[in-house]
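For reference, the chains in residue letters:
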Amino acid sequence: MKKVLKSKVKIRFQDCDPFNHLNNSRYIDYFINAREEQLLENYNLNVFEDMLTTGNTWVVTSNQIQYLSPVNTGDTVIIESQLNQFSDTNLLVEMRMWNEEETTLKSVIWVRFTHFNIKTKKTGKHASKFMELFDSIVSPIETKFFEERCINLLKQLKNA
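This report concerns the structure included in the present document. Here the structure is a predicted model, which is why all the values come from computation and not from measurement.

### Digging into the overall build of the protein chain
Part 1 of the argument: A tally of helices and strands in the protein chain yields four helices and six strands.
Part 2 of the argument: Along its sequence from the N terminus, the protein chain presents helices and strands in the succession β-α-α-β-β-β-β-β-α-α.
Part 3 of the argument: For 160 residues, the compact-globule estimate of 2.2 N^0.38 gives 15 Å, and the protein chain sits close to it at 16 Å.
Part 4 of the argument: Put simply, the protein chain has 160 residues, and 41% of those count as buried.

Quick look at the structure:
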């Protein structure tokens, strides 16, 4: 099973600021939408269907994002995502946005998701089927701190 998932996305005019750059807040939308589609395509995991049938879903509890290089209207980008950590109730997902040739890293984000039951309005534990999935796809990274991770990624690119 693939651990690093990829999507190709075109940047739309309405998501950009007057300088023709992708608006800061829209990066998050592109990342989250790509991850949702990747989960469905690669793991047959429809988060909305699961929410409707079980009442459980994931909510974003924190984001850390680094903007490294501008993304412009009409650009095609590659978005990679991977599960870095998981627990009974939380996920930490790293996503990276590249230019189409995957030579320039545009942005990196860490998103922490908490499993949440919309009926009880409380944090809930992941079902065993999810724990098994997470165990098979987790791709831990060595660094524990976001800033250090960004520096390491940039060093790797420079040395490549």
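### Some remarks on the packing of aromatic side chains
Part 1 of the argument: Tallied over the full model, the rule gives five aromatic pairs.
Part 2 of the argument: Ring centres of F130 and F134 lie 6.1 Å apart, and the angle between their planes is 15°; this geometry places the pair in the stacked category. Here F134 and F130 lie together in helix 3 (residues 128-137), a separation of four residues that amounts to about one turn. Taken individually, F130 and F134 each receive the classification buried, so the pair is uniform in this respect.

### A closer look at the environment of Q82
Part 1 of the argument: With respect to the helices and strands, the residue Q82 is situated in strand 3 (residues 76-86).
Part 2 of the argument: Residues Q82 and K2 lie 80 residues apart in sequence; the distance between their C-alpha atoms is 9.2 Å.
Part 3 of the argument: The residues touching Q82, leaving out its near neighbours within four places in the chain, are K3, V4, R35, L92, V93, E94, R96, S139 and I141.
Part 4 of the argument: A distance of 3.1 Å separates polar atoms of two side chains, one belonging to Q82 and the other to N84.
Part 5 of the argument: A polar contact is formed between the side chain of Q82 and the side chain of R96, at a distance of 2.9 Å.

### Let's talk about the pairing of strand 1 (residues 5-10)
Within a regular beta strand, the side chains point alternately toward one face of the sheet and then the other, so they alternate between its two faces.
Part 1 of the argument: Residues L5, S7 and V9 line the buried face of strand 1, whereas the alternating positions K6, K8 and K10 sit on a face that is not buried.
Part 2 of the argument: Relative to strand 3, strand 1 is paired through six bridges, and the arrangement is antiparallel. When the sheet's bridge partners are listed, V9 is paired in strand 3 with V77.

### Here we look at unusual backbone geometry
Part 1 of the argument: Of note in this structure, E102 is not a glycine but carries a positive phi near 60°.
Part 2 of the argument: Of note, K121 is a non-glycine position whose phi angle comes to about 60°, a positive value.
Part 3 of the argument: By the secondary structure assignment, K121 is in the loop between strand 5 (105-117) and strand 6 (122-123).

### Things to note about the pattern of salt bridges
Part 1 of the argument: Evaluated as defined, the whole model comprises 10 salt bridges.
Part 2 of the argument: For D29, the salt bridge identified is with R26, shortest N-O distance 2.4 Å. One end of the pair, D29, and the other, R26, are both in helix 1 (residues 24-43), three residues apart, so they sit about a helical turn from each other.
Part 3 of the argument: Judged by relative accessible area, which is 30%, D29 ranks as partly exposed.
Part 4 of the argument: As a salt-bridge pair, E94 and R96 come within 2.4 Å of each other at their nearest N and O atoms. The burial state of E94 is the same as that of R96; both residues are buried.
Part 5 of the argument: Here the salt bridges do not stand alone but share partners, grouping K6, E80, E94, R96, E102 and R149 into one network.

### Describing the nonpolar core
Part 1 of the argument: The biggest cluster of nonpolar side chains holds 30 residues, and the ones touching the most others in it are I79 and M97.
Part 2 of the argument: No other element matches helix 1, which puts six residues into this core.
Part 3 of the argument: Dropping the residues within four chain positions of it, M97 is found in contact with L22, Y27, Y30, F31, V71, V77, I78, I79, T104, L105, K106 and S107.
Part 4 of the argument: With 10 residues, the next largest nonpolar core counts V108, W110, F146 and L153 among its residues.

Cut-offs and rules
Residues numbered from 1 in each chain as written. Predicted model: local features only at pLDDT ≥ 70, side-chain atom pairs only at ≥ 80, totals over all residues. Heavy atoms only, no water. Helix = DSSP H or I, 4+ residues; strand = E, 2+ residues; numbered from the N terminus. Rg over C-alpha atoms; globule rule 2.2 N^0.38 Å. Buried < 20%, exposed > 50% of the residue type's maximum accessible area, 1.4 Å probe, protein only. Phe/Tyr/Trp six-rings, centres within 6.5 Å; stacked < 30°, edge-to-face > 60°. Contact = heavy atoms within 4.5 Å. Polar contact = N/O pair within 3.5 Å; in protein donor to acceptor, adjacent residues only side chain to side chain. Pairing = 2+ DSSP bridges. Salt bridge = Lys/Arg side-chain N within 4 Å of Asp/Glu carboxyl O. Core = buried A, V, L, I, M, F, W, Y, C linked by side-chain atoms within 4.5 Å.

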